[in-house]
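Chain by chain, the residues run as shown.
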Amino acid sequence: MCSVEIVPTEGGCARRLATRRQQAVLACIVACLAAVLVSPVVLTARPPGPLVVSIEFDDGLADQFSVRSILAEHGMHATFFVNSGQLDHPRHLTVAQLRALASDGHEIGGHTIDHERLPELRANEQRRQICDDRRALLALGFAVSDFAYPWGAHDSVSIELVRSCGYDSGRRAGGLAFASCSFCPRTESIPPRDPMATRAPGSLRRSQGVPEIQELIRSAQQDGGWIQLIFHHVCDTCGEYSISGQDFSTLVGWLAEERDAGRVVVLTVRQVIRGENPL
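Residues numbered from 1 in each chain as written. Predicted model: local features only at pLDDT ≥ 70, side-chain atom pairs only at ≥ 80, totals over all residues. Heavy atoms only, no water.

**As for the pattern of salt bridges**
In step 1: Here the structure, examined in full by the defined rule, presents 14 salt bridges.
In step 2: A salt bridge links Arg135 to Asp132, with the shortest nitrogen-to-oxygen separation between them at 2.4 Å. With Arg135 and Asp132 both in helix 4 (residues 123–139), this residue pair falls 3 residues apart, about one helical turn.
In step 3: A relative accessible area of 32% places Asp132 in the partly exposed class.
In step 4: Across the pair Arg186 and Asp223 runs a salt bridge whose closest N-O atoms are separated by 2.8 Å. With Arg186 in the loop between strand 7 (169–175) and strand 8 (198–200) and Asp223 in the loop between helix 6 (209–221) and strand 9 (226–231), this residue pair connects regions lying 37 residues apart in the sequence.
In step 5: Classification of Arg186 by relative accessible area gives partly exposed; the value is 28%.
In step 6: Among the charged side chains, a salt-bridge network with shared partners connects Glu56, Asp58 and Arg171. (Salt bridge = Lys/Arg side-chain N within 4 Å of Asp/Glu carboxyl O. Helix = DSSP H or I, 4+ residues; strand = E, 2+ residues; numbered from the N terminus. Buried < 20%, exposed > 50% of the residue type's maximum accessible area, 1.4 Å probe, protein only.)

**Regarding the packing of helix 4 against helix 5 (residues 156–164)**
In step 1: For the pair helix 4 and helix 5, the least separation of the axes is 10 Å and the interaxial angle reads 40 degrees. With respect to their mutual orientation, helix 4 and helix 5 come out oblique. The chirality of how helix 4 crosses helix 5 is right-handed. Residues Ala123, Gln126, Arg127 and Ile130 of helix 4 touch helix 5, and the partners they reach there are Val157, Ser158, Leu161, Val162 and Ser164.
In step 2: Each residue belonging to the contact of helix 4 with helix 5 can be placed in one class, and the counts come to 5 nonpolar, 3 polar and 1 charged. (Axes fitted to C-alpha atoms, helices over the stretch in contact; angles between N-to-C directions. Parallel < 35°, antiparallel > 145°, perpendicular 65-115°, else oblique. Left-handed = near helix turned anticlockwise from the far one by under 90°. Contact = heavy atoms within 4.5 Å. Nonpolar A, V, L, I, M, F, W, Y, C, P; charged D, E, K, R; others polar.)

**Comments concerning helix 3 (residues 95–103)**
In step 1: Buried within helix 3 we find Val95, Leu98, Ala100 and Leu101.
In step 2: The secondary structure elements touched by the buried residues of helix 3 are helix 2 (67–73), strand 4 (79–82) and strand 5 (107–110).
In step 3: Just downstream of helix 3, Gly105 is the residue with a positive phi angle, here 105 degrees.

**Observations concerning the confidence of the model for the chain**
Do not read the predicted coordinates in detail wherever pLDDT is low.
In step 1: Residue-level pLDDT values for the chain average 87, and 81% of them are 70 or greater.
In step 2: Scored below 50 in pLDDT, residues 1–18 makes 20 contacts in the model with residues more than four places away or belonging to other chains.
In step 3: Taken together, the stretch residues 28–46 has pLDDT below 50 and engages in 0 contacts with residues farther than four places along the chain or on a different chain. (pLDDT = per-residue confidence, 0-100.)

Here you go:
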């Protein structure tokens, strides 16, 4: 049994010293508290891994074909979300162009047959738009595994249909910090919090310009994770949701520098969702 030592104090009173066992327990408690207090600081200070960036194009628009040579020049691959019912139509990609993009290593994804806003449709029409679109793209020879909701609009029905129709992921158009949501997180997690509703900054607009997109990426680099850049038209003067060919080339060239410096990894959506990250 451990002894307890009694010692006299200046005022004539006595105080009791802790036993060795009590001292050991106290030391253990102090050490544990120190570890709890210090560990968040250590974890916060750990630098995140390279930011994963996906370059994405929605709606299968004809002018998107112009980025083929720009991406090839820098050894990058993008994901093209297309509407099967609009292929070969005026101002849209042809099946031959889509096959050329796929042969380069770009991912082809689903985006409904007719670019319908899904929550406004009955469940059976949502199913047709989502499932038949995927079947049509598969029949054309494309390995279709990822989906993007038109306008980012989705509900519980469309989410479940995307899953049941065989997709690995569905992308919304929002949920991350940018112009419309300054208090949202800056990046999506890898793997995503919800693969059927992955988050993105929203569709990029001409008014935001290359410097603002670069700042978006620099800010996201502080957290690591995944960010999806959503483009539509690639042209000089064709509406709000567009980027000029020159600006796109400038942006991709800058991304290549960030990649070569080890700060960015550029992957398709399929590579991210299936864990094909080379890091």
